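# Architecture and fold: a report
Each chain, written out:
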Amino acid sequence: MTTRKDSGGTAPTTKSASPRRQAGRTRVAPLGPASDRRDHLVKLAAEIFARKGFQATTVREIATEAGILSGSLYHHFDSKETIVDEVLSTFLDDLISRYRAVIEKGGKPRPTLTEMVRIGFGSLEPHRAAITVMQNDWSYLRQIERFDYLVKAEHVVERMWVDQIKRGQAEGQLRADIDPKLTYRMIRDAIWVAVRWFRPGGRLGTAHLADHYISVLFDGLAAGEPV
């Protein structure tokens, strides 16, 4: 994801509400069959957003693909913004909570970063649609006030990564001559841009992608002595 955000954020080891909830927007999940129907509509809409783009998708198209009338869709959601809100916030809440859980274990920086890479690549399959929407519609969505939490989330995630990279440098596990923020952004883009070519169910799974990337990240490409 060209995960937005430039920095700031809270200390990674400090528990706090998700960026979405910090923005004062909690979501109450309905129960029973209505909840199942709602979840189905969210997943279906997410796939359409990923395929066509959020701006180009209409409520009528979502309803048609779901086999219902537009009015029936409004029974569950007041707008398509509410639907994409749920798609993106669910992804970010999951990602940040997983990163935070790894960091709070207090392990050494390199193993922590390794696990964070695995979490990132592991998100490509369950959150493929959300990541695609983030890639394609980030510039548009960030202009809408209700999506301010996207920028906050990006800052939180960046701070988590940068802090671990700096810690690795301080402990001598990572090279001291690399720029932590630039390094994070290169890692970030390598993971999230992969959603454009990664195919779930294909020859390579996300675990294999993570293993390969970790090998290149920490061991490099060059073999033997420099020429």
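Residues numbered from 1 in each chain as written. Predicted model: local features only at pLDDT ≥ 70, side-chain atom pairs only at ≥ 80, totals over all residues. Heavy atoms only, no water.

## Focus: the environment of Ile48
When you line up the elements, Ile48 lands in helix 2 (residues 32-52). Along the primary structure Ile48 and Val133 are separated by 85 residues, whereas in three dimensions their C-alpha atoms are 9.8 Å apart. Non-local contacts of Ile48, meaning those with residues more than four positions away in its chain, are made with Gly53, Thr57, Glu61, Ile62 and Glu65. (Helix = DSSP H or I, 4+ residues; strand = E, 2+ residues; numbered from the N terminus. Contact = heavy atoms within 4.5 Å.)

## Brief notes about the nonpolar core
One recurring pattern in soluble globular proteins: nonpolar side chains tend to sit buried together. Counting 63 residues, the largest nonpolar core has Leu88, Tyr99, Phe121, Leu124, Leu150 and Trp161 as its most contacted members. Going through the elements one at a time, helix 2, helix 3 (59-66), helix 5 (80-103), helix 6 (109-122), helix 7 (128-141), helix 8 (148-170), helix 9 (180-192) and helix 10 (206-219) are the ones with two or more residues in this core. Looking at this core, the element that brings in the most residues is helix 5, giving eleven residues. Setting aside residues up to four positions removed in sequence, Leu88 forms contacts with Ala130, Val133, Met134, Leu141, Tyr149 and Leu150. (Core = buried A, V, L, I, M, F, W, Y, C linked by side-chain atoms within 4.5 Å. Buried < 20%, exposed > 50% of the residue type's maximum accessible area, 1.4 Å probe, protein only.)

## Some points on helix 3
Taken together, the buried positions of helix 3 are Val59, Ile62, Ala63 and Ala66. All buried residues of helix 3 fall inside an arc of 95 degrees around its axis, so they share one side. The outward face of helix 3, more than 90 degrees from its buried face, is lined by the exposed residues Arg60 and Thr64. Downstream of helix 3 by one or two residues, Gly67 has phi in the positive range, about 75 degrees. (Arc of directions from axis to C-beta.)

## Concerning the side chain of Thr112
Structurally, the position occupied by Thr112 is in helix 6. Excluding anything up to four places from it in sequence, Thr112 contacts Val102, Ile103, Gly107, Gln164 and Arg167.

## Regarding helix 6
Between its terminal C-alpha atoms helix 6 stretches 20 Å, which fits the 20 Å expected from 14 residues at 1.5 Å a residue. Here helix 6 has its buried residues at Pro109, Thr112, Leu113, Thr114, Met116, Val117, Ile119, Gly120 and Phe121. Those residues of helix 6 that are buried are in contact with helix 5, helix 8, helix 9 and helix 10. (Expected span 1.5 Å × (residues − 1).)

## Some points on the confidence of the model for the protein chain
Per-chain confidence: the protein chain averages 87 in pLDDT, with 83% of residues scoring 70 or above. In the predicted structure, residues 1-17 sits below a pLDDT of 50 and forms 64 contacts with residues beyond four places in sequence or in another chain. Within the model, the stretch residues 21-32 combines pLDDT values under 50 with 19 contacts to residues more than four positions away or in other chains. (pLDDT = per-residue confidence, 0-100.)

## Overview of empty space enclosed by the protein
Summary: where empty space remains is shown by rolling a probe the size of a single water molecule over the atoms. Considering all chains together, one arrives at one cavity of 30 Å³ or more under this definition. When its volume is computed, the largest cavity comes out at roughly 40 Å³. Around the largest cavity, the lining residues are Tyr99, Val157, Trp161, Tyr184, Ile187, Arg188, Ile191 and Trp192. Listing elements by their share of the lining of the largest cavity, those giving two or more residues are helix 8 and helix 9. No other element matches helix 9, which puts five residues into the lining of the largest cavity. Residue classes in the lining of the largest cavity are distributed as seven nonpolar, no polar and one charged. (1 Å grid on protein atoms, 1.4 Å probe; cavity = no way out; pocket = protein on both sides within 12 Å on 5 of 7 lines; lining within 4 Å. Points joined across faces, edges and corners; volume = space filled by probe spheres on them. Nonpolar A, V, L, I, M, F, W, Y, C, P; charged D, E, K, R; others polar.)

## So, the packing of aromatic side chains
On inspection of all chains with the given rule, the structure shows seven aromatic pairs. Pairing Phe49 with Phe54 gives two aromatic rings, centres 5.1 Å apart and planes at 65 degrees, and the pair type is edge-to-face. Across this residue pair, the class does not change: Phe49 and Phe54 are buried. Taking 6.1 Å as the distance between ring centres and 35 degrees as the angle between the ring planes, the aromatic pair formed by Trp161 and Tyr184 counts as tilted. You can see Trp161 sitting in helix 8 and its partner Tyr184 sitting in helix 9, a full 23 residues away along the chain. A network of ring pairs unites the aromatic residues Phe49, Phe54 and Tyr140 as a single cluster. The ring of Phe54 carries Lys80 above its face, with NZ or CZ at 4.6 Å from the centroid. (Phe/Tyr/Trp six-rings, centres within 6.5 Å; stacked < 30°, edge-to-face > 60°. Lys NZ or Arg CZ within 6 Å of the ring centre and 35° of its normal.)

## Some words on the packing of helix 5 against helix 7
Look at helix 5 against helix 7: their axes get within 11 Å of each other, and the N-to-C directions meet at 115 degrees. Every pair of crossing elements has a handedness; the one defined by helix 5 and helix 7 is left-handed. On helix 7, the residues touching Val84, Val87, Leu88, Phe91 and Leu92 of helix 5 are Ala130, Ile131, Val133, Met134 and Leu141. (Axes fitted to C-alpha atoms, helices over the stretch in contact; angles between N-to-C directions. Left-handed = near helix turned anticlockwise from the far one by under 90°.)

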